[in-house]
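# Topology and contacts: notes
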Amino acid sequence: MFDVIVVGAGMVGAAAAALLARAGFSVAIVEANEPAPFDASGPVGLRVSAFSPGAADVLREAGAWRQVERQRHCPYRRMEVEDREETVRLEFDAPEFGLERLGTIVENDLVQWALWQSLLAAGGVELFCPDRVAGLEHGPGGAAVSLHSGAQLRGRLLVGADGADSHIRKLLGIRQDYWAYGQQGIVCVVRTATPNPGVAWQRFMDGGPLAFLPLQDGSSSIVWSRPEAEASRLLGLDGDAFAAELQLAVAGGQGHWPDQVTACGPRAAFPLSMRLCDRYTAGAAVLVGDAAHVVHPLAGQGVNLGLLDVAALVEVLVDARRRQEPFAGEKTLTRYGRWRRSEAEVMARGIHGLRGLFLPSEFGLLRRLGIGLVSRSWTAREAFIRRATGRNRNAPALARGVALTELLH
Ligand SMILES: Cc1cc2nc3c(=O)[nH]c(=O)nc-3n(C[C@H](O)[C@H](O)[C@H](O)COP(=O)(O)OP(=O)(O)OC[C@H]3O[C@@H](n4cnc5c(N)ncnc54)[C@H](O)[C@@H]3O)c2cc1C
């Protein structure tokens, strides 16, 4: 009997397994695909994420962040948000908010690999990979999971971390609200005549936002949200034609950068949606990460929310164990579920509301008013930064810089 069975070792599930093992729980992890070793000499991967300082602290305690910092990563200290049609502009500088950085851009594959290494090194973790869940029985006393390989696992707690199309969520019968944005997020590594000066830049435009995230070598990783038909057309263009379209989208910016787009690498696109589960717990099972919530990438918060779920889960489990209560008991899991669901709801609906910022031009006034109002209020900007950096009042202790060893005492 394991203390915890984690299904899915994406960035969120792997962080959960590593932290739980480090906290002294016995852990089984089931993952369909073994991650490939990270190749630091290869080209920058298409999937990168902006990790908040809070999420970086969670990854540090999971034993992965030191390895990330030894390899390709790019801290950013400045963020600029502007509107295509108007002169309103939002600027955030880390020192203004007493921060060393606003976040760090890292390739997903590097984080994934660093977490996998941490899992392999941790005692108390058994890996079932490649393998998949075939069946599940669960109740207040624990969960019994059968795998495609024929293995049978029993655990006191089941953690569903199997991503946006979570099979575990469906097996648990947890309902989900789903909004398809009718957009694709095109991702690509881009070079500009002037290297990216370490700025996360975003422009709201009709049809969807365009973000440039800084990479260590001065290039940028872009996420360009476009309506589906338009995204298919852009994906079908050759590199030069795509660069020319991107140039039109960045032209006429209010700052001096991004200037001339000089080269675009390979492209991929991801359908964009918002998904919110009506609860995160069922019997002795919980959901974390994209299995529980999916948000539009415009605020770069998806994996950050998931890593804070993990930190909150570890905090409530350790707390219950210290008080000699059953760590997979209803009271403990309800505490986790309520805490994180309300946080994800605030974030997801806030981002969803920002849709008003990139609706068609007849909504342009709303868009301009939104950015204009926030840009004039330091309090609003400060509240935004606290949440975006994972350090607001409701953030779990591990995301506020408390070490796991402190939580355990
Ligand atoms: C274009 C784009 C840009 C983004 N940028 C950012 C950003 O800047 N910052 C940010 O915070 N977020 C960002 N996100 C969101 C972020 O990528 C996701 O929130 C994050 O990857 C979710 O991680 P996860 O571990 O929960 O799920 P996943 O990464 O989906 O991992 C799920 C894992 O479960 C495994 N699995 C699935 N089913 C089974 C099964 N039945 N049995 C066993 N294993 C299974 C899969 O193999 C996988 O390894 C972005 C998203 C998009 C689309």
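This text gives an overview of the structure that appears in the document. (Residues numbered from 1 in each chain as written. Predicted model: local features only at pLDDT ≥ 70, side-chain atom pairs only at ≥ 80, totals over all residues. Heavy atoms only, no water.)

What follows covers the overall build of the chain. When its secondary structure is counted, the chain shows 12 helices and 19 strands. In summary, the chain has a C-alpha radius of gyration of 21 Å against a globular reference of 22 Å for 409 residues, a match within 12%. Summarising its shape, the C-alpha atoms of the chain cover approximately 60 × 45 × 40 Å along the three principal directions. Relative to its full complement of 409 residues, the chain shows a buried share of 57%. At a minimum sequence separation of 6, the contacts of the chain that also span at least 24 residues come to 73%. With an accessible surface of roughly 16,600 Å², the chain has 52% of that area assigned to carbon and sulfur atoms. (Helix = DSSP H or I, 4+ residues; strand = E, 2+ residues; numbered from the N terminus. Rg over C-alpha atoms; globule rule 2.2 N^0.38 Å. Buried < 20%, exposed > 50% of the residue type's maximum accessible area, 1.4 Å probe, protein only. Contact = heavy atoms within 4.5 Å. Areas by Shrake-Rupley, 256 points an atom, 1.4 Å probe, with all protein chains shown as cover.)

Further remarks concern the sheet that holds strand β3 (residues 48-51). Spatially, the 3 strands line up as an open sheet ordered β3-β7-β4, and their pairing is antiparallel. Since the sheet does not close on itself, it has two edges, and those belong to β3 and β4 (74-76), each with one partner. For this sheet, the mean angle separating the axes of adjacent strands, direction not counted, is 25°. Bridge analysis of β4 against strand β7 (residues 103-107) gives 3 bridges, and the strand direction is antiparallel. Bridge assignment links C74 to a residue of β7, and that residue is I105. (Pairing = 2+ DSSP bridges. Axes fitted to C-alpha atoms, helices over the stretch in contact; angles between N-to-C directions.)

Further remarks concern the site of the ligand. Taken together, 31 residues surround the ligand, and among them E31, R47, A50, D290 and V303 come closest. Note that a nitrogen atom of the ligand is positioned 3.2 Å from one of the backbone N or O atoms of A32. D290 is positioned such that a nitrogen or oxygen atom in its side chain is 2.7 Å from an oxygen atom of the ligand. Across the complex, the protein chains shield 85% of the 1,000 Å² of accessible surface that the ligand would expose by itself. Those elements that provide at least two residues to the shell around the ligand are α1 (11-22), β3 and α8 (302-322). Considered class by class, the residues forming the shell around the ligand number 15 nonpolar, 10 polar and 6 charged. (Near = heavy atom within 4 Å. Polar contact = N/O pair within 3.5 Å; in protein donor to acceptor, adjacent residues only side chain to side chain. Nonpolar A, V, L, I, M, F, W, Y, C, P; charged D, E, K, R; others polar.)

Attention shifts here to empty space enclosed by the protein. Counting across every chain of the model gives 1 cavity of 30 Å³ or more. For the largest cavity, the calculated volume is near 100 Å³. Lining the largest cavity are S52, Q301, N304, L305, L308, R340, E343, M347, R387, A388, G390 and N392. Of all the elements in the fold, those that place two or more residues in the lining of the largest cavity are α8, α9 (330-353) and α11 (378-388). Of the residues belonging to the lining of the largest cavity, the class tally is 4 nonpolar, 5 polar and 3 charged. (1 Å grid on protein atoms, 1.4 Å probe; cavity = no way out; pocket = protein on both sides within 12 Å on 5 of 7 lines; lining within 4 Å. Points joined across faces, edges and corners; volume = space filled by probe spheres on them.)

Our next topic: the pattern of salt bridges. Enumeration according to the criterion identifies 27 salt bridges in this entry. The salt bridge partner of R203 is E82, with a shortest N-O separation of 3.0 Å. Residue R203 is located in strand β13 (residues 199-204), and its partner E82 is located in strand β5 (residues 78-83); the two are separated by 121 residues in the primary sequence. For R203, a relative accessible area of 0% puts it in the buried group. With relative accessibility at 1%, the residue E82 sits in the buried group. (Salt bridge = Lys/Arg side-chain N within 4 Å of Asp/Glu carboxyl O.)

Within the secondary structure, A193 sits in the loop between β12 (176-192) and β13. Distance in space between the C-alpha atoms of A193 and A299 is 26 Å, their sequence separation being 106 residues. With sequence-adjacent residues up to four places away left out, A193 is seen in contact with D259, Q260 and T262.

Before going further, it helps to examine unusual backbone geometry. In this chain, C129 is followed by P130 through a cis amide linkage whose omega measures 0°. Relative to the helices and strands, P130 is located in the loop between β8 (125-128) and β9 (133-139). One non-glycine residue, Q324, adopts positive backbone phi at about 55°. The topology assignment puts Q324 in the loop between α8 and α9.

Tallying each qualifying case throughout the model produces 8 aromatic pairs. With a centroid separation of 5.7 Å and an interplanar angle of 90°, the aromatic rings of F212 and W257 are classed as edge-to-face. Taken together, the residues F212 in strand β14 (residues 210-214) and W257 in the loop between α7 (239-250) and β16 (261-277) connect sequence positions 45 residues apart. An aromatic cluster of at least three residues, connected via ring pairs, comprises F92, F97 and F384. Against the face of F270 rests R47, its NZ or CZ located 4.3 Å from the ring centre. Here the basic side chain of R321 rests over the ring of F25, its NZ or CZ set 4.3 Å away from the ring centre. (Phe/Tyr/Trp six-rings, centres within 6.5 Å; stacked < 30°, edge-to-face > 60°. Lys NZ or Arg CZ within 6 Å of the ring centre and 35° of its normal.)

A large share of β13 lies buried, amounting to 6 of its 6 residues. Because side chains alternate across β13, one face comprises the buried residues V199, W201 and R203, and the other comprises A200, Q202 and F204, equally buried. Two strands pair when backbone bridges link them, and β5 and β13 are joined in this way by 6 bridges, in the parallel orientation. Paired with M79 across the bridge in β13 is A200. Judged from the 3 bridges that link them, β13 and β14 form a sheet pairing that is antiparallel. Bridge pairing in β14 links R203 to L210. Where β13 folds back on β14, the antiparallel hairpin that results is connected by 5 residues, among which G207 adopts a positive phi of roughly 95°.

Moving on to the pairing of strand β15 (residues 220-227). Across the 8 residues of β15, 6 count as buried, placing the element largely inside the fold. From the end of β14 to the start of β15, which pair antiparallel, there are 5 residues, and G218 there has a positive phi angle of about 90°.

Geometric values such as these leave the question of function open.
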